[in-house]
There are 2 protein chains.
Amino acid sequence: MIVIGEKINATIKRVKAIVENRDAEGLIQLARAQAEAGADIIDVNVGTGTGTQADEIDAIQWAVTLIQQQVDKPLCVDSADKDVIEAGLSHMDGRPCMINSVKAEERNMEDIIPLAAAHQAMLVALPMDESGIPATADARLEVCKKIVRVCEKHGFPADRLFFDPLVLPVSSDTTQGMITLDSLAAIKRSFPESKTVMGLSNVSYGLPERKKLNAGFLYMAVYAGLDAVIANPQDEDIQMAIRVSEALTGKDPRCRRYARAFRTLK
Amino acid sequence: MIVIGEKINATIKRVKAIVENRDAEGLIQLARAQAEAGADIIDVNVGTGTGTQADEIDAIQWAVTLIQQQVDKPLCVDSADKDVIEAGLSHMDGRPCMINSVKAEERNMEDIIPLAAAHQAMLVALPMDESGIPATADARLEVCKKIVRVCEKHGFPADRLFFDPLVLPVSSDTTQGMITLDSLAAIKRSFPESKTVMGLSNVSYGLPERKKLNAGFLYMAVYAGLDAVIANPQDEDIQMAIRVSEALTGKDPRCRRYARAFRTLK
């Protein structure tokens, strides 16, 4: 399982303050703690929601440059703004990098996919287009095909695409969990060269004991074919769910990582 | 999720003593505790492994009669011996009952399926035949079809069949988890009227922290289409996994059971 650490996200109040104050110590601590907890990629979202585009461009350059000096992991530039993504990518030191994300909207694909191709980035792709989020797994799969066609046009390789089946809360509609899992399985079957990725926490929005639901959803998603997860790598429920689900699905040779994890986790 | 309480099993040392000593208090306590913890069906296996057939027939009559006086739940007669099963069923007081289990061996099917039909019992069916346990999901599905044909011949209805996809330890072969889950999904697709059932604990044999693996496997199996589980209903990891997985797969309207469970479980 590829773990993408989600904690550097300026929509979180404490992180917003770190970004606004250019608190280098605070930023490095967030990056380092996630790397030490096993994150394979560090997501970097410096969009505070209240700054200008110029602020965000300056912030992503600051953050990307600083984290690379301290942490030896690929970074994921997380923004809906093409110029912010480009600013982040242009400050990469040559290590592997990722973009989060592109949608299946024509304009957005034509902005982001050539950029990902030029920087040889991995790319998170969301099966939603000008009409919004498709209601069924089949319809989400169709939207993924649109993304694949534009990737092929720009020479972006399938094995650097990470499809996110989109996760919506079960509290408002209890069918959403199955729609996400069935979308994931359908995408994995149709595009075996590409990878799948999910942010877990949306599924539990509005319910108590959210960590239990997030971890439970991860077990199911691993069986459905999940390759990567956007999560808090320091969350022990998530760590255990990864180790257990990999042991159960044949992704942990001789169950060795599982046996090791159970010794270090409670 | 239909929970079949597994604790009355005379291969467990403490239970063996209860059966051998005809310890009514001990037996009732095991049955009642499981019913109170939410078991829908109580499995009754009085095979100590060291007694004669006559001993086991006497024991099943004693156990079935006694439990029915104290606990208001369907019972599952758990034995490989046709005469023991028949003795157990003949002492039922008219409540719904279950047989655990029939294999796809010709002789065994001709013994057990007519018995299940005559007593209107539910029937756990194992996709293994004279050649043993098939190695792949497709092969297990073929063996299930043999069972269905014999059921049709004897007028045993599909909706009282509970297929067990067979669970083997991942510690000796890490592919076994996926084979079981894929068998389960294939069986559910092919026989939508029938139900699926699994004993969890085999999957974790030989590994540490077995409860974590058992609960993790339950999450995956619920997504794959599991209807019933043979488990310890007092195990809080299992209780939580059932509540969480039902909330995530749309089987818990408005997530109400989940919300209630999180208040009573830690």
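Everything discussed here concerns the structure shown above.
Here's what I pulled together on the structure shown here. (Residues numbered from 1 in each chain as written. Chains lettered and ligands numbered in written order. Predicted model: local features only at pLDDT ≥ 70, side-chain atom pairs only at ≥ 80, totals over all residues. Heavy atoms only, no water.)

### Points about the interface of chain B and chain A
Many descriptions give the size of an interface as the accessible area lost when the pieces come together.
Move 1: Each side of the interface is counted separately: chain B has 32 residues, and chain A has 32 residues.
Move 2: Between chain B and chain A lies a buried interface of about 3000 Å² when both sides are counted; carbon and sulfur atoms form 78% of it.
Move 3: Per-residue buried area on chain B facing chain A is highest for M220, Y223 and L248 of chain B; these three make up 27% of the total on that side.
Move 4: Scanning the region where chain B abuts chain A turns up zero salt bridges.
Move 5: Linking chain B to chain A there are ten residue pairs in polar contact (both at pLDDT 80 or more).
Move 6: For the side of chain B that touches chain A, the secondary-structure elements that each account for two or more residues are α7 (176-190), α8 (210-224), α9 (236-248) and α10 (256-264) of chain B.
Move 7: Here the element with the most residues in the side of chain B that touches chain A is α8 of chain B; it accounts for nine residues.
Move 8: Among the residues forming the side of chain B that touches chain A, the class breakdown is 21 nonpolar, six polar and five charged. (Contact = heavy atoms within 4.5 Å. Buried area = accessible area lost by both parts, 1.4 Å probe. Salt bridge = Lys/Arg side-chain N within 4 Å of Asp/Glu carboxyl O. Polar contact = N/O pair within 3.5 Å; in protein donor to acceptor, adjacent residues only side chain to side chain. Helix = DSSP H or I, 4+ residues; strand = E, 2+ residues; numbered from the N terminus. Nonpolar A, V, L, I, M, F, W, Y, C, P; charged D, E, K, R; others polar.)

### A closer look at the sheet that holds strand β6 (residues 161-163) of chain A
Residues and elements named next belong to chain A.
Move 1: The strand order around the closed barrel formed by eight strands is β1-β2-β3-β4-β5-β6-β7-β8, and the pairing between neighbours is parallel. Across the sheet, the axes of successive neighbouring strands diverge by a mean angle of 30 degrees, strand direction being ignored.
Move 2: Taken together, the four bridges between strand β1 (residues 2-9) and strand β2 (residues 41-45) define a ladder with parallel strand orientation. Looking across to β2, one finds that G5 is bridged to I42.
Move 3: Packing of helix α5 (residues 106-118) onto the sheet brings it into contact with β4 (97-103) and β5 (122-126), and relative to β4 it is tilted by some 165 degrees. (Pairing = 2+ DSSP bridges. Axes fitted to C-alpha atoms, helices over the stretch in contact; angles between N-to-C directions.)

### A closer look at the pairing of strand β8 (residues 228-231) of chain B
Residues and elements named next belong to chain B.
Move 1: Here β8 shows no split at all, with A228 and I230 on one side and V229 and A231 on the other all buried.
Move 2: As judged from the four bridges shared by strand β1 (residues 2-9) and β8, these two strands associate in the parallel manner. Across the sheet, V3 pairs through a bridge with V229, a residue of β8.
Move 3: Looking at chain direction, strand β7 (residues 195-199) and β8 are connected through three bridges and run parallel. Within β8, the residue paired with V197 across the bridge is A228.
Move 4: Assessed by its sense of winding, the connection that carries the chain from β7 through α8 to β8 is right-handed. (Buried < 20%, exposed > 50% of the residue type's maximum accessible area, 1.4 Å probe, protein only. Right-handed = clockwise from strand over helix to strand, strands pointing away.)

### Section: the relation of the copies chain B and chain A
Each of the two copies of the chain can be brought onto the other by a rotation about an axis and a shift along it.
Move 1: Note on the identical chains: chain B maps onto chain A by a rotation of 180 degrees and an axial translation of 0.0 Å, with an RMSD of 0.0 Å. In symmetry terms, the pair is related by a two-fold rotation axis. Taking C-alpha positions as reference, the residue of chain B nearest the rotation axis is M220 of chain B, located at 2.3 Å.
Move 2: Of the interface residues in chain B, 100% have counterparts in chain A that sit at the interface too, so the contact is made through matching surfaces. (Least-squares fit on C-alpha atoms with pLDDT ≥ 70 in both.)

### Points about the packing of aromatic side chains
In this description, an aromatic ring pair is defined by two values, namely the gap between the centres and the angle between the planes.
Move 1: For the structure shown, the criterion picks out four aromatic pairs over all chains.
Move 2: For the pair Y223 of chain A and Y223 of chain B, a centre-to-centre distance of 6.2 Å together with 70 degrees between the ring planes defines the contact as edge-to-face. Placement of Y223 of chain A in helix α8 (residues 210-224) and of Y223 of chain B in helix α8 is noted, with the two residues assigned to different chains. In terms of burial, Y223 of chain A and Y223 of chain B fall into one category: buried.
Move 3: The ring of W62 of chain A carries the charged tip of R22 of chain A above its face, separated from the ring centre by 5.5 Å. (Phe/Tyr/Trp six-rings, centres within 6.5 Å; stacked < 30°, edge-to-face > 60°. Lys NZ or Arg CZ within 6 Å of the ring centre and 35° of its normal.)

### Things to note about the sheet that holds strand β3 (residues 75-78) of chain B
All names here are of chain B.
Move 1: Read once around its circumference, the closed barrel built from eight strands follows the order β1-β2-β3-β4-β5-β6-β7-β8, with strand pairing classed as parallel. Across the sheet, the axes of successive neighbouring strands diverge by a mean angle of 30 degrees, strand direction being ignored.
Move 2: Where strand β5 (residues 122-126) meets strand β6 (residues 161-163), three bridges bridge the pair, whose relative direction is parallel. Within the sheet, the bridge partner assigned to V124 lies in β6 and is F162.
Move 3: Each of β3 and β4 (97-103) touches helix α4 (residues 82-90); the most contacted strand, β3, lies at about 160 degrees to it.
Move 4: Its contacts with the sheet put helix α5 (residues 106-118) on β4 and β5, and the angle it makes with β4 is roughly 165 degrees.

### Side note on the nonpolar core
Move 1: In this structure, L218 of chain A together with L218 of chain B are the most contacted members of the largest nonpolar core, which totals 64 residues.
Move 2: Looking at this core, the elements that each hand over two or more residues are α7 (176-190), α8, β8 (228-231) and α9 (236-248) of chain A together with α7, α8, β8 and α9 of chain B.
Move 3: Other than its neighbours up to four places away in sequence, L218 of chain B contacts L200, L226, V229, I238, A241 and I242 of chain B. (Core = buried A, V, L, I, M, F, W, Y, C linked by side-chain atoms within 4.5 Å.)

### Quick notes on the side chain of T196 of chain A
Residues and elements named next belong to chain A.
Move 1: With respect to the helices and strands, T196 occurs in strand β7 (residues 195-199).
Move 2: By relative accessible area, T196 is classed as buried at 1%.
Move 3: Polar contacts involving the side chain of T196 include one to the main-chain carbonyl oxygen of G225, which spans 2.8 Å.
Move 4: Aside from chain neighbours lying at most four places away, what touches T196 is F162, F163, L184, I187, K188, G225, L226, D227 and A228.

### Some remarks on unusual backbone geometry
Most peptide bonds take the trans configuration, and most residues that are not glycine carry a negative phi.
Residues and elements named next belong to chain A.
Move 1: Put simply, N100 and S101 share a cis peptide bond, and its omega is 20 degrees.
Move 2: Positionally, S101 belongs in strand β4.
Move 3: Of note in the backbone geometry, C255 takes a positive phi value of approximately 55 degrees without being a glycine.
Move 4: Looking at the secondary structure, you find C255 in the loop between α9 and α10 (256-264).
Move 5: When its relative accessible area of 1% is taken as the criterion, C255 is described as buried.

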